[in-house]
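Listed below are the residues making up each chain.
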Amino acid sequence: MEEVKGASKVDSFDGYIPIKRRWARIDFSPQQLLVTRMGFCMIFTNMTEAHNTLALKNRNIEEYISGFVDGEGCFLVSFTKRPRFAAGWETKPSFSVSQNTDRAQQILVIQKYFGCGFVRDGKTDNTIKYEVRRLDDLLEKVLPHFEKYPLLSAKQRDIDSFKKICVLMKKDEHKTLSGLSGILPIAFNMNASGKRKYSQKDILNFSKLQMKV
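Cut-offs applied
- Residues numbered from 1 in each chain as written.
- Predicted model: local features only at pLDDT ≥ 70, side-chain atom pairs only at ≥ 80, totals over all residues.
- Heavy atoms only, no water.
- Pairing = 2+ DSSP bridges.
- Helix = DSSP H or I, 4+ residues; strand = E, 2+ residues; numbered from the N terminus.
- Expected span 1.5 Å × (residues − 1).
- Buried < 20%, exposed > 50% of the residue type's maximum accessible area, 1.4 Å probe, protein only.
- Contact = heavy atoms within 4.5 Å.
- Phe/Tyr/Trp six-rings, centres within 6.5 Å; stacked < 30°, edge-to-face > 60°.
- Lys NZ or Arg CZ within 6 Å of the ring centre and 35° of its normal.
- Core = buried A, V, L, I, M, F, W, Y, C linked by side-chain atoms within 4.5 Å.

By the naming in an unreviewed UniProt entry, the chain is Homing endonuclease LAGLIDADG domain-containing protein.

Below, the structure is given as structure tokens:
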């Protein structure tokens, strides 16, 4: 494994390692553990080890994750202007969970459980975020979990709406004006209190210009 400038070697690893108030990324090889300053991750050899780390050995991990997401998770569909796209917009579904860095184990266990997505620093605060954006991962790994272990709060309605949009996107409906027109009201009814850069009218008007309708 190629070494990174400024990295330090350690002989063993038990937990996460902060370096200069930032998380350290751990790249594992049979010979060494290489600590870099390029982000962070945590090594679990299997889910049992992760459970022990979080004192979850005697708990139902599936229900634990649903409960955690009920409080700290977010399902969002955003729209970014892309003139080179057929409809003029990139439709971006995203599932994310945030937590303070001193409780990072919870985020990393969730990532390990779903087996997809990525973990990154919070951009404006002392948090880390687990996020899944890939459509197939959302449809095949994330959403089936919440069908089997639904949330108890009204956030479950957002998940139901989120799934409708993901299914429509799988059919490429977001690439047509009629399909985008159907997706927009569903997306805007989710997280209704959140702020958006563009209104539904803005998105449709630009799409009509882009497609010369």
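This paragraph deals with the pairing of strand β8 (residues 118-121). Where β8 meets strand β9 (residues 127-132), four bridges bridge the pair, whose relative direction is antiparallel. The partner of V119 across the bridge, within β9, is Y130. Linking two consecutive strands that pair antiparallel, namely β8 and β9, is a turn of five residues.

For the rest of this paragraph, the subject is helix α4 (residues 135-148). One turn of the α-helix equals 3.6 residues, which is why residues spaced by three or four share an orientation. Between its terminal C-alpha atoms α4 stretches 19 Å, which fits the 20 Å expected from 14 residues at 1.5 Å a residue. Listed in full, the buried residues belonging to α4 are L135, D137, L138, V142, L143, H145 and F146.

Relative to the assigned elements, T127 resides in strand β9. Ignoring anything within four residues of it in the chain, the contact list for T127 reads Q99, N100, T101, D121 and G122.

Take the packing of aromatic side chains next. Evaluated as defined, the whole model comprises 13 aromatic pairs. Plain terms: the ring middles of F75 and F162 are 5.3 Å apart, the flat faces sit at 70 degrees to each other, and that makes the pair edge-to-face. Of this pair, F75 sits in strand β6 (residues 73-81) while F162 sits in helix α5 (residues 155-170); the two residues are 87 residues apart in sequence, bridging distant segments of the chain. There is no split in this pair, since F75 and F162 are both buried. Ring centres 6.2 Å apart and planes at 90 degrees place the aromatic pair F95 and Y130 in the edge-to-face group. Residue F95 is found in strand β7 (residues 89-100), and its partner Y130 is found in strand β9; the two are separated by 35 residues along the sequence. Residue classification places Y130 among the buried positions, given a relative accessible area of 0%. Over the face of the ring belonging to F206 we find K81, whose NZ or CZ atom lies 4.5 Å from the ring centre.

Okay, the environment of P144 next. As for its placement among the helices and strands, P144 is situated in helix α4. Separated by 19 residues in the primary sequence, P144 and K163 have C-alpha atoms spaced 9.7 Å apart. If sequence neighbours within four positions are ignored, P144 has contacts with L138 and L139.

With that out of the way, let us pick up the pairing of β7. When β6 meets β7, the two strands line up antiparallel, connected through nine bridges. From the neighbouring strand, L76 faces β7, where its bridge partner is S94. Pairing between β7 and β9: six bridges, direction antiparallel. Among the inter-strand pairings, N100 is bridged to a residue of β9, identified as T127.

It is worth spelling out the nonpolar core at this point. Residues F75, F79, F95, F114, Y130, V142 and F146 are the most contacted members of the largest nonpolar core, which totals 42 residues. It is helix α3 (residues 104-114) that provides the largest number of residues to this core, a total of six residues. For F75, the residues in contact, after removing those within four places along its chain, are V69, S94, F95, V142, F146, I159, F162, M190 and N191.

To continue, consider the environment of F118. Mapped onto the fold, F118 is located in strand β8. With a relative accessible area of 31%, F118 lands in the partly exposed category. Remark: the alpha-carbon pair of F118 and R133, spanning 15 residues in sequence, is separated by 9.0 Å. Leaving out residues up to four positions away in the same chain, F118 has contacts with Q111, K129, Y130, E131 and R133.

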